[in-house]
Amino acid sequence: MTLQRTPHAVKATGLVKTFGDFRAVDGIDLEVRRGEIFGVLGPNGAGKTTMLSMLATLLSIDEGQAEIFGVDVRREPHRIRQLLGVTGQYASVDENLTASENLWLFGRLQGVASREAKETAERLLLQFALEEAADKPISQFSGGMRRRLDLAASLITRPPLIFLDEPTTGLDPRTRGQMWDTIRGLVADGSTILLTTQYLDEADQLADRIAVIDRGRKVAEGTPEELKTSVGDSTLQLQLSDGADQALAIDVVRKVLGEEPVLTPESGRMNVALDDANRAADVLIGLRQAGIGISSVSVDKPTLDEVFLALTGHDTGESSDPTDDRDLEVAR
Amino acid sequence: MSTTTEAPNETQEPREMRRLTVEEIVARTSTHNSLRDTVSQTITMAWRSLKKMRRNPEQFFDVIIQPLLFTAMFTYIFGGAISGSVSSYMPLIIPGILAQTALTACMAMGTQLREDMDKGVFDRFKSLPIARIAPLAGPALADVIRYVIAATLTILVGLVMGYRPGGGFVGTLGGWALTIVAAWSLAWIFTWLGTIARSAQAVQGISMMIMFPLSFMSNAFVKEDTMPDWLQAFVKVNPVSHVVTAVRDLMNEGRLTADVGWALFGCVVVVAIFAPLSVRSYKRHL
């Protein structure tokens, strides 16, 4: 047993997971530093959950190396499980038990004495504002309450590293904000967090660093600022009334901003990255002067789709690519 | 940020321990579960199953209704035809029904486990540092309560209908205990099915196909010497036959015969094969 201080919470190189011919994770390197929130951003089916499951010993590692706090994931899965708290995409709590019974059960299973497990359950229920629901069956819980209970269940033994798989997918905005506060609180308490998300704004709000994953590969890594500047601070979305004007419109944008617009698959539609939202007006004036008609226009914050388009040259492909359901099914 | 990990949290409430450093936590991890851990985890899992049973009482329907219905039905329908009278059929059929009830009671293990494993909570069980046999052995332990109900009710119904076991109280108790041991052992076959099948329905279907030949192609309802030779050959190796014969010897004669030994040996063999198989296929699901 080595006691060397590793600066990394997670260090993985060349992770590969294949299901038949499908390379769900295709050579990913990952370094998560201690005490940070590391976000893994990607669309459904990109391999986020699969990668997390491999690191959490829930799936075998086909190729590559992974260490958590210097412990080899492949060789010592039992020790890894003692260092991790895992909160899945779907609340992994027992429907047949009440909230406090759930926490007691998971505490006991991890060797916490019965009385201590009861005290820990009470403390966590209080911390996650669930004390009033302590003795209610989970079937009466709202989605947000389930997620909170699920997270609480991952914290019983105060693991130094916490995996959160899409912690806010399906939550309403208010509950989402509460979850974000909770996650920030965990880091302030000294934990390291590896989270996956489909939402750029969530990664932006929470993560110190982000890796963008697409089709099992890492396509970019950096701070949220670095990622966003790659697509501009906001995006001007244009729909030309006549698709034939496209070449002309590209010229105009190039002249006004000195930048290439990103074309989307629809005819006559394009996205223009803007460092400053006010420059949208310059582009519109330029188009008017060139006599190009517009049927719709909007200025938005960049979405995950645009980050993707900018990084990979294709969209997130929600409709055509393997969905997360498939990802999960194969993972099982 | 990483410095906060090392900072002792002395300001927190006194009950709370100082937060350990990551190095201390890593150094404290163990490479495997001790036997004591495994037993404690199994008992905790059994507690979970018992809670579940209490909240879903329909899980007791089969072990309550079947002994009442089958004991009366089989005895009155077949009694005259097979043994000449209902009362002379009793010593033959009650141990037979005991074995059959045990078999159907433990059959539910596979379906229950499959349904359970599809739920989110099993994802968490897999991520916890617990022995891989605990989520399987826990429900098996809790299920003993169902076998106790099934065996007790069958014997009681028999007594009410006029069955007077020649082995007396001790012999009957022995037959009762052997039934429960056999049910618990055979349950591992269905546990294994639960871990390999794709759906609860599939488990149900396959279990039925195993249960019917095992219970009817045995000496549970009829003496095997009335059957064709090829069938007798199977009946004689069928572990259910040995259990039935052993229970008859215990309850009707109060004797510890070789068949009791064979029945127990059969139970050990079934567990020795199917418990490790179950754990292996449960692990592969990870």
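About the cut-offs
- Residues numbered from 1 in each chain as written.
- Chains lettered and ligands numbered in written order.
- Predicted model: local features only at pLDDT ≥ 70, side-chain atom pairs only at ≥ 80, totals over all residues.
- Heavy atoms only, no water.
- Helix = DSSP H or I, 4+ residues; strand = E, 2+ residues; numbered from the N terminus.
- Buried < 20%, exposed > 50% of the residue type's maximum accessible area, 1.4 Å probe, protein only.
- Contact = heavy atoms within 4.5 Å.
- Lys, Arg positive; Asp, Glu negative; His and termini not counted.
- Charge placed at Lys NZ, Arg CZ, Asp CG, Glu CD.
- Pairing = 2+ DSSP bridges.
- Axes fitted to C-alpha atoms, helices over the stretch in contact; angles between N-to-C directions.
- Arc of directions from axis to C-beta.
- Salt bridge = Lys/Arg side-chain N within 4 Å of Asp/Glu carboxyl O.
- Patch = residues over 30% accessible without salt bridge, like charges linked within 9 Å, V, L, I, M, F, W, Y side chains within 5 Å.
- Areas by Shrake-Rupley, 256 points an atom, 1.4 Å probe, with all protein chains shown as cover.
- Domains from an automatic or database assignment.

S.K.: Is there a simple way to explain the overall build of chain B in this structure?
M.R.: A count of helices and strands for chain B gives twelve helices and zero strands. Its helices and strands in sequence order give chain B the pattern α-α-α-α-α-α-α-α-α-α-α-α, from N to C terminus. If one aligns the C-alpha atoms of chain B with their principal axes, the spans along those axes are about 85 × 40 × 35 Å. Split into buried and exposed, the 286 residues of chain B put 52% on the buried side. For chain B, restricting intrachain contacts to residue pairs at least 6 apart in sequence, the fraction spanning at least 24 positions comes to 76%. Here chain B carries 25 positive and 20 negative side-chain charges, and the mean point of each set is 2 Å from the other.

S.K.: Hey, could you run me through the sheet that holds strand S11 (residues 234–240) of chain A in this one?
M.R.: Note: strands within a sheet are paired through backbone hydrogen bonds, in either parallel or antiparallel orientation. Residue and element names in this part refer to chain A. Strand order across the open sheet formed by four strands is S12-S13-S11-S14, with antiparallel pairing between neighbours. Two strands in the sheet have a free side with no partner beyond their single neighbour: strand S12 (262–263) and strand S14 (294–300). The pairing of S12 with strand S13 (residues 269–274) spans two bridges and is antiparallel. Residue Val262 lies in a different strand from S13, and its bridge partner there is Asn271. Across the sheet, helix H9 (residues 246–257) lies against S11, S12 and S13, angled at about 5° from S13, the strand it touches most. Taken strand by strand, helix H10 (residues 279–289) contacts S11, S13 and S14, and its axis lies near 20° from that of S11.

S.K.: I keep staring at helix H10 (residues 229–237) of chain B and nothing clicks. Help me out?
M.R.: For the α-helix, the turn length of 3.6 residues means that residues three or four positions removed from each other point alike. Residue and element names in this part refer to chain B. Buried within H10 we find Leu231, Gln232 and Val235. Angular distribution of buried residues about the axis of H10 spans 100°; they occupy a single face of the element. Pointing more than 90 degrees away from the buried face of H10 are the exposed residues Asp229, Trp230 and Val237. In the core, the buried residues of H10 are packed alongside helix H11 (239–253).

S.K.: I keep staring at the pattern of salt bridges and nothing clicks. Help me out?
M.R.: Charged atoms that come close allow side chains of opposite charge to pair. Residue and element names in this part refer to chain A. Applying the stated criterion across every chain yields a total of 30 salt bridges over all chains. Notably, a salt bridge pairs Glu95 with Arg146, separated by 2.8 Å at the nearest N-O pair. With a gap of 51 residues between them, Glu95 in the loop between strand S6 (84–87) and helix H3 (99–109) and Arg146 in helix H5 (residues 143–154) connect regions that are remote in the sequence. A relative accessible area of 32% means that Glu95 is categorised as partly exposed. Arg254 serves as the salt-bridge partner of Glu260, at 2.5 Å between the closest nitrogen and oxygen. By relative accessible area, Arg254 is classed as partly exposed at 39%. A single network of salt bridges, built from pairs that share partners, joins Glu36, Arg209, Lys218 and Glu221.

S.K.: Just to check I follow, could you spell out a nonpolar patch on the surface for this structure?
M.R.: Residue and element names in this part refer to chain B. A cluster of nonpolar side chains, contributed by Phe61, Ile64, Ile65, Leu68, Leu69, Met73, Ile77, Phe78 and Ile82, occupies part of the molecular surface with about 790 Å² of accessible area. Inspection of the secondary structure assignment puts Ile82 in helix H4 (residues 61–83). Its relative accessible area of 33% is what places Ile82 among the partly exposed residues.

S.K.: What am I meant to see in the domain arrangement of chain A here?
M.R.: Quite often, the size of an interface is put as the accessible area lost when its parts meet. Under the domain assignment used here, chain A contains domain 1 (8–228) and domain 2 (232–301). Relative to domain 2 of chain A, the C-alpha centre of domain 1 of chain A lies at a distance of 40 Å.

S.K.: Looking at this model, I keep getting lost on the sheet that holds strand S9 (residues 209–214) of chain A. Mind explaining?
M.R.: Residue and element names in this part refer to chain A. Strand order in the open sheet formed by six strands is S6-S7-S8-S3-S9-S10, and the pairing between neighbours is mixed. With partners counted over all chains shown, the strands left at the sheet margins are S6 and strand S10 (217–222), one partner each. When strand polarity is set aside, the average angle formed by the axes of neighbouring strands in this sheet is 15°. Sheet analysis places S6 next to strand S7 (residues 161–165), joined by four bridges and oriented parallel. By the bridge assignment, Gly85 is partnered in S7 with Ile162.

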